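# Topology and contacts: notes
The residues making up each chain are set out below.
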Amino acid sequence: MNKKIIVALDGNNFSKLIKLAKNLKNEVYAYKIGYEFFFNFGIDGYKKIKKIFPNIFLDLKLHDIPNTVEQGIKAIDKLKPILTTIHISGGDNMHKFSKKKITNHSKILGVSILTSLDSDQTEKYYNEKNVKNLVKKFVKYAKKNGLDGIVCSPLEIKTVRKAVGKKMIIVVPGIRPANYSNKKDDQKRIITPLKAIKMGADYLVIGRPITSAKNPLKEIKEINNSIK
Ligand code: C5P
């Protein structure tokens, strides 16, 4: 079976995350390492997870002048993640420079519009109240500039797929299994794993529904079954 779930290893309890990584490795496509993990446990921590399972999505969302991003990606490339991220809003040259020094085949995904921005915020900062139009515009630029894929909200999968075509990878967070109910959860614009795949997502980033479950292995197996 082609694995589609990327488990977000968020948290500051290293031994718990190592245990999770060992426990779930036969069920995942990759593990996502983001700010919290990377800034707490650094490259040593990263390498420990990579030893357990080689597919890592290093989600550091770079955004700086093109030369700085180029050098940052050059350093990231040495760590051999399969996926890593930059902000599309960094501009054409930042996209192009990010691809220059890739030698280890890390794929670069563009983060479209942060899902935390509502239409008032996009109007304020991007002069566009229609978030979908803005996302459409951004992902087209990302495609034109040679990025390998897009990270977007579940609500934008169809729009993005239509705009970028079949080849670009679409990775989507904000996924919640149908039976999931956690009132403390901060994710608002959510959909089920099956719906996300049907709408055109390639990979699903899932954190707490799996990592905070009583039995994470059972939970991820159920999700994998639901999207077979
Ligand atoms: O626990 P949860 O399933 O909400 O985790 C989702 C992961 O995806 C987190 O690591 C979060 O930072 C990330 N993410 C997100 N929404 C975005 C982009 C990334 O939730 N728009």
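Check the entry above for the structure.
Residues numbered from 1 in each chain as written. Predicted model: local features only at pLDDT ≥ 70, side-chain atom pairs only at ≥ 80, totals over all residues. Heavy atoms only, no water.

This next bit is on the nonpolar core. Across soluble globular proteins, nonpolar side chains have a tendency to be buried as a group. Formed by 59 residues in total, the largest nonpolar core has its most connected members in V7, Y31, I49 and I150. If sequence neighbours within four positions are ignored, V7 has contacts with L24, V28, A30, Y31, K32, I206, I210, T211 and I220. (Core = buried A, V, L, I, M, F, W, Y, C linked by side-chain atoms within 4.5 Å. Buried < 20%, exposed > 50% of the residue type's maximum accessible area, 1.4 Å probe, protein only. Contact = heavy atoms within 4.5 Å.)

Counting buried residues along strand β4 (residues 83-87), 5 of its 5 residues qualify, which places the element largely inside the surrounding structure. Bridge count for strand β3 (residues 56-62) against β4 is 3 bridges, and the pairing is parallel. Bridging across to β4, F57 finds its partner in L83. After leaving β3, the chain enters helix α3 (residues 66-78) and then returns to the sheet as β4, a path that is right-handed. This β-α-β element, β4 to helix α4 (residues 92-100) to strand β5 (residues 107-111), shows right-handed connectivity. (Helix = DSSP H or I, 4+ residues; strand = E, 2+ residues; numbered from the N terminus. Pairing = 2+ DSSP bridges. Right-handed = clockwise from strand over helix to strand, strands pointing away.)

As a further point, take unusual backbone geometry. The phi torsion of most residues other than glycine is negative, and most of the peptide bonds are trans. With phi around 40°, K61 is a residue other than glycine that occupies positive phi space. The residue K61 is located in strand β3 in this model.

We now examine helix α10 (residues 216-226). Taken as a whole, α10 has its buried residues at P216, E219, I220, I223 and N224. For α10, the angular spread of buried residues about the axis comes to 135°, placing them on one side. Tucked inside the fold, the buried residues of α10 contact β1 (5-8), α1 (14-24), α8 (193-199), β8 (203-206) and α9 (208-211). (Arc of directions from axis to C-beta.)

With respect to the helices and strands, I113 occurs in the loop between β5 and α5 (119-126). Here I113 falls in the buried class, since its relative accessible area comes to 4%. Setting aside anything within four residues of it in sequence, one finds I113 in contact with T122, Y126, V131, L134, V135 and F138.

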